[in-house]
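Summary of structural features
Below are the chains, spelled out letter by letter.
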Amino acid sequence: MAKKSSQSGTVAQAEAGTSPIPQQQASLLDKVTAEVTPEVSPLLQFITNNATKIVGVFLVCLALGVGYGAYQWHAAGALADSKAALGTAEVIKDPAERVAALEKFVSGAPAELLPAANLALAKAALESENYDKAAAAWAKVAAGEKGAFLIVAVTGQAEALIKGGKDAEALALLQKHQGSGTDVSRAMVDSLVVDLAEKNNNYAAAIAACESLAANPASLGEAEFWRQKAAALRSAEKAS
């Protein structure tokens, strides 16, 4: 009875136009195809037809991932080398030689180290009395800063300009940053403006800075002093 049933099944398959697949020869993909739902079959067919391309894309992605990791490793090593080079330049005793070494470093320094390199260059240039280079280095530091350290860089640049005999340029720079930043930052800039403006008989700028200091919470304990200073400057302006 079992033999007859098997023969009937074979005849039915032949009449349907299909050939039987011996169970031992059926591939794993054939078995999966027979078991998946009709909705999944198109995706399975796509994977089957494009298996070579899919593997190729996977290998490319893998290669890119390995390449990016190698790049990160190389970049970290290069940054460490640059830090060592900056440290070597900073310990040169002669200020003029240090300026030359730091200028060479800055010309090809990675962006992460530029602020530190320009700070070192500004210090070395001041020590070697090369005030133009010091002012330029401070200006580069200021260009990439915001907040409190911006005011530090601005005052450093102003100091270099003043030492280089460029009082008017220094005063214009300081006035540009009056009224910005924290109360402490504003007080620092205003006090510098008072000294520089008074030194150069710019009474209007000096008086305005005194009044700003008198109203600043950061210099509240000195408010009366700054009011008296403003009054004295007004008298000096009238007498001039």
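Residues numbered from 1 in each chain as written. Predicted model: local features only at pLDDT ≥ 70, side-chain atom pairs only at ≥ 80, totals over all residues. Heavy atoms only, no water.

**Points about the overall build of the protein chain**
Test applied: The helix count covers DSSP runs of H or I at least four residues long, the strand count covers runs of E at least two residues long, and both are numbered beginning at the N terminus. Contact definition: two residues touch when any of their heavy atoms are within 4.5 Å. In short, Shrake-Rupley with a 1.4 Å probe defines the accessible areas, and a residue's cover is counted only from the protein chains shown.
In terms of regular secondary structure, the protein chain is built from 12 helices and 0 strands. Listed N to C, the secondary structure of the protein chain is α-α-α-α-α-α-α-α-α-α-α-α in terms of helices and strands. Residue pairs at least 24 apart in sequence account for 42% of intrachain contacts in the protein chain once pairs closer than 6 positions are excluded. Accessible area of the protein chain: about 15400 Å², with a carbon and sulfur share of 61%.

**Considering helix α5 (residues 95-107)**
Basically, it comes down to this: Take the number of residues in a helix, subtract one, and multiply by 1.5 Å to get its expected span. Three labels apply to residues, based on accessible area from a 1.4 Å probe with only protein chains included: buried if under 20% of the type maximum, exposed if over 50%, partly exposed otherwise in between. In this description, the arc belongs to the directions extending from the helix axis to the C-beta atoms.
Between its first and last C-alpha atoms α5 spans 18 Å; for 13 residues at 1.5 Å apiece the expected length is 18 Å, and the two agree. Within α5, burial applies to Arg98, Val99, Leu102, Phe105 and Val106. Down the axis of α5, the sector holding all buried residues measures 130°, keeping them to one side. Pointing more than 90 degrees away from the buried face of α5 are the exposed residues Glu97, Lys104 and Ser107.

**Side note on the confidence of the model for the protein chain**
Any residue range with low pLDDT should be treated as having predicted coordinates unsuitable for detailed reading. Inclusion rule: Each residue gets a pLDDT score, which is the predictor's confidence in that residue and runs from 0 to 100.
Averaged over every residue, the pLDDT of the protein chain is 78; the share at 70 or more is 67%. For the protein chain, helix α1 (residues 2-15) is the element with the lowest average pLDDT, namely 44, and helix α11 (residues 203-215) is the one with the highest, namely 96. Counting interchain partners and residues more than four positions distant, the pLDDT-below-50 stretch residues 1-19 has 2 contacts. Scored below 50 in pLDDT, residues 21-25 shows 1 contact in the model against residues more than four places distant or in partner chains.

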